[in-house]
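The residues making up each chain are set out below.
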Amino acid sequence: DEERTLLDNVCNHFSNVTVLLDCGNIIDMQWALDYEERLRGIIYAWQGGMESGNAIADVLFGRVNPSGRLTDTIAVRYEDYPSAMHFGNKLFNTYVEDIFVGYRYFDSFDKKVMFPFGFGLSYTMFEMKCCSINMEESKIRAEVQVTNTGNEYAGKEVVQIYVTLPQTELEKEYKRLAGFAKTRLLKPGETQTLTVEIPQKQLASFNEETHTWIVEKGKYGILVGNSSDKLKLEAVLVVSDDTVLEQMDKICPLQEELEQIYLTKELKEKSVQRQEKLI
């Protein structure tokens, strides 16, 4: 309440307000919805150490163009996270997410978020163009051209490549980050072509019954963009047969049944429909 009062007072007297968050992890950001029209920006500074103040000042005054990207998802409410109901027990915490961690949960369970995984702002703008996507033996090779389309600031962009997964026998998230790369500092009008290589294991899922990493047959959509919710379909990989990549040994047998979340039949059908519509 004291922080809200302070922020109200500052916003009432100044029109150029940026909130700086100096914290070590994601926090509940629901308060930001009440200040959308009153804030110029929000900086997640994390914990930058003894040079943090100088670094933040460089960003605020435009001496450095920020190019960081969120490595987590910021939900609309804390209760939207699947761990919310299972964390904070006085005796123990229960891990129920299984493969549905972070953006994998929000995408698969069709939950609206405030700031998506991979999101980040810049003082300039970029344009991405996928030049080629090819399958080379045990990897996918993608070439993406990035151009700084701004007029004033140099900056860096992050190319992110995701793969949609066929909703077949094994439980799988709707899509996953498969590869990424950051450009060098690009001046206005400057272009760079990045090469991103995706090992085939990035497409695989783990079969707990056979203890194998397996790429199941089906269609895999290759998506390119700069955050988990700003993506464009650039290619479709068709796998004709189930392919076992690695056989593992079972050395730590399960001692008791685990409580974990699963996709409902309705959500799985919805994921299938989304993928069919996409590709």
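Criteria and cut-off values
Residues numbered from 1 in each chain as written. Predicted model: local features only at pLDDT ≥ 70, side-chain atom pairs only at ≥ 80, totals over all residues. Heavy atoms only, no water. Core = buried A, V, L, I, M, F, W, Y, C linked by side-chain atoms within 4.5 Å. Buried < 20%, exposed > 50% of the residue type's maximum accessible area, 1.4 Å probe, protein only. Helix = DSSP H or I, 4+ residues; strand = E, 2+ residues; numbered from the N terminus. Contact = heavy atoms within 4.5 Å. Pairing = 2+ DSSP bridges. Axes fitted to C-alpha atoms, helices over the stretch in contact; angles between N-to-C directions. Patch = residues over 30% accessible without salt bridge, like charges linked within 9 Å, V, L, I, M, F, W, Y side chains within 5 Å. Areas by Shrake-Rupley, 256 points an atom, 1.4 Å probe, with all protein chains shown as cover. Salt bridge = Lys/Arg side-chain N within 4 Å of Asp/Glu carboxyl O. Lys, Arg positive; Asp, Glu negative; His and termini not counted. Charge placed at Lys NZ, Arg CZ, Asp CG, Glu CD. Phe/Tyr/Trp six-rings, centres within 6.5 Å; stacked < 30°, edge-to-face > 60°. Lys NZ or Arg CZ within 6 Å of the ring centre and 35° of its normal. pLDDT = per-residue confidence, 0-100. Disulfide = S-S within 2.5 Å. 1 Å grid on protein atoms, 1.4 Å probe; cavity = no way out; pocket = protein on both sides within 12 Å on 5 of 7 lines; lining within 4 Å. Points joined across faces, edges and corners; volume = space filled by probe spheres on them. Nonpolar A, V, L, I, M, F, W, Y, C, P; charged D, E, K, R; others polar.

A. Representation of the nonpolar core within the structure. If you look at the biggest cluster of nonpolar residues, it comprises 24 residues, and the most contacted ones within it are L7, L21, M29, W31, L39, Y44 and I74. Sorting the residues of this core by element identifies helix 1 (2-13), strand 1 (18-21), strand 3 (74-75) and helix 3 (103-108) as the ones contributing at least two each. Beyond its immediate chain neighbours, meaning those up to four positions away, I74 contacts I26, M29, Y44, Y81, V113, M114 and F115. Listed in part, the 23 residues of the second largest apolar core include V144, I161, A204 and V224.

B. Looking closely at the sheet that holds strand 5 (residues 126-136). In spatial order, the strands read 5-6-9; together these three strands make up an open sheet with antiparallel pairing. Lying at the two open borders of the sheet, with one neighbouring strand each, are strand 5 and strand 9 (191-199). Ignoring strand direction, the axes of neighbouring strands in this sheet form an average angle of 20°. As paired elements, strand 5 and strand 6 (residues 139-148) share 10 bridges and run antiparallel to each other. The residue bridging M128 from the neighbouring strand is V146, located in strand 6.

C. Local environment of a negative patch on the surface. On the surface, E169, E208, E209, D241 and D242 cluster together into a patch of negative charge. Position of E208 among the secondary structure elements: in the loop between strand 10 (205-207) and strand 11 (212-215). By relative accessible area, which is 56% here, E208 ends up exposed.

D. Quick peek at the packing of aromatic side chains. This model, assessed by the stated rule, comprises 12 aromatic pairs. An angle of 50° between the planes, with centres 6.4 Å apart, marks the rings of Y78 and Y81 as tilted. Residue placement shows R274 over the ring face of Y174; its charged tip is 3.8 Å from the ring centre.

E. The arrangement of the confidence of the model for the protein chain in detail. In this model, the protein chain carries a mean pLDDT of 94, and residues with pLDDT of at least 70 account for 100%. Per-element confidence in the protein chain is highest for strand 7 (residues 158-164), whose mean pLDDT is 98, and lowest for helix 4 (residues 265-278), whose mean pLDDT is 91.

F. Highlighting the sheet that holds strand 8 (residues 175-182). What the four strands build is an open sheet, ordered 8-7-12-13; its pairing is antiparallel. For this open sheet the edge positions go to strand 8 and strand 13 (230-239), each flanked by a neighbour on one side alone. Sheet twist, expressed as the average angle between the axes of neighbouring strands with direction ignored, equals 20°. Where strand 7 and strand 8 come together, seven bridges link them in antiparallel fashion. The partner of I161 across the bridge, within strand 8, is G179.

G. Representation of the state of the cysteines. For the coordinates displayed, the defined rule picks out zero disulfides. Unpaired in this structure, C11 has its nearest cysteine sulfur neighbour in C23, at a distance of 18 Å. The class of C11 is buried, set by a relative accessible area of 11%. Sulfur of C130: no disulfide; nearest cysteine sulfur belongs to C131 and is 6.8 Å away.

H. Up close: the environment of K187. For K187, the position within the fold is in the loop between strand 8 and strand 9. Measuring from C-alpha to C-alpha, the distance between K187 and Q255 comes to 57 Å, with 68 residues separating the pair along the chain. Once you skip the residues sitting within four places of it in the chain, K187 turns out to touch N148 and A154.

I. Representation of the layout of surface pockets. The space that makes up the largest pocket amounts to roughly 1,400 Å³. Residue lining of the largest pocket: 43 residues in total, with I42, I43, Y44, P66 and L121 positioned closest to the centre. At five residues, the largest contribution of residues to the lining of the largest pocket is made by helix 2 (residues 52-60). Here the residues of the lining of the largest pocket are counted per class, giving 26 nonpolar, 11 polar and six charged. By volume, the second largest pocket is sized at about 1,100 Å³. Every residue lining the second largest pocket is counted, 36 residues in all, and those nearest its centre are D98, F206, N207, E208 and Q260. Among the elements that take part in the lining of the second largest pocket, strand 10 stands out by supplying three residues, more than any other. Among the residues making up the lining of the second largest pocket, the classes are represented as 16 nonpolar, five polar and 15 charged.

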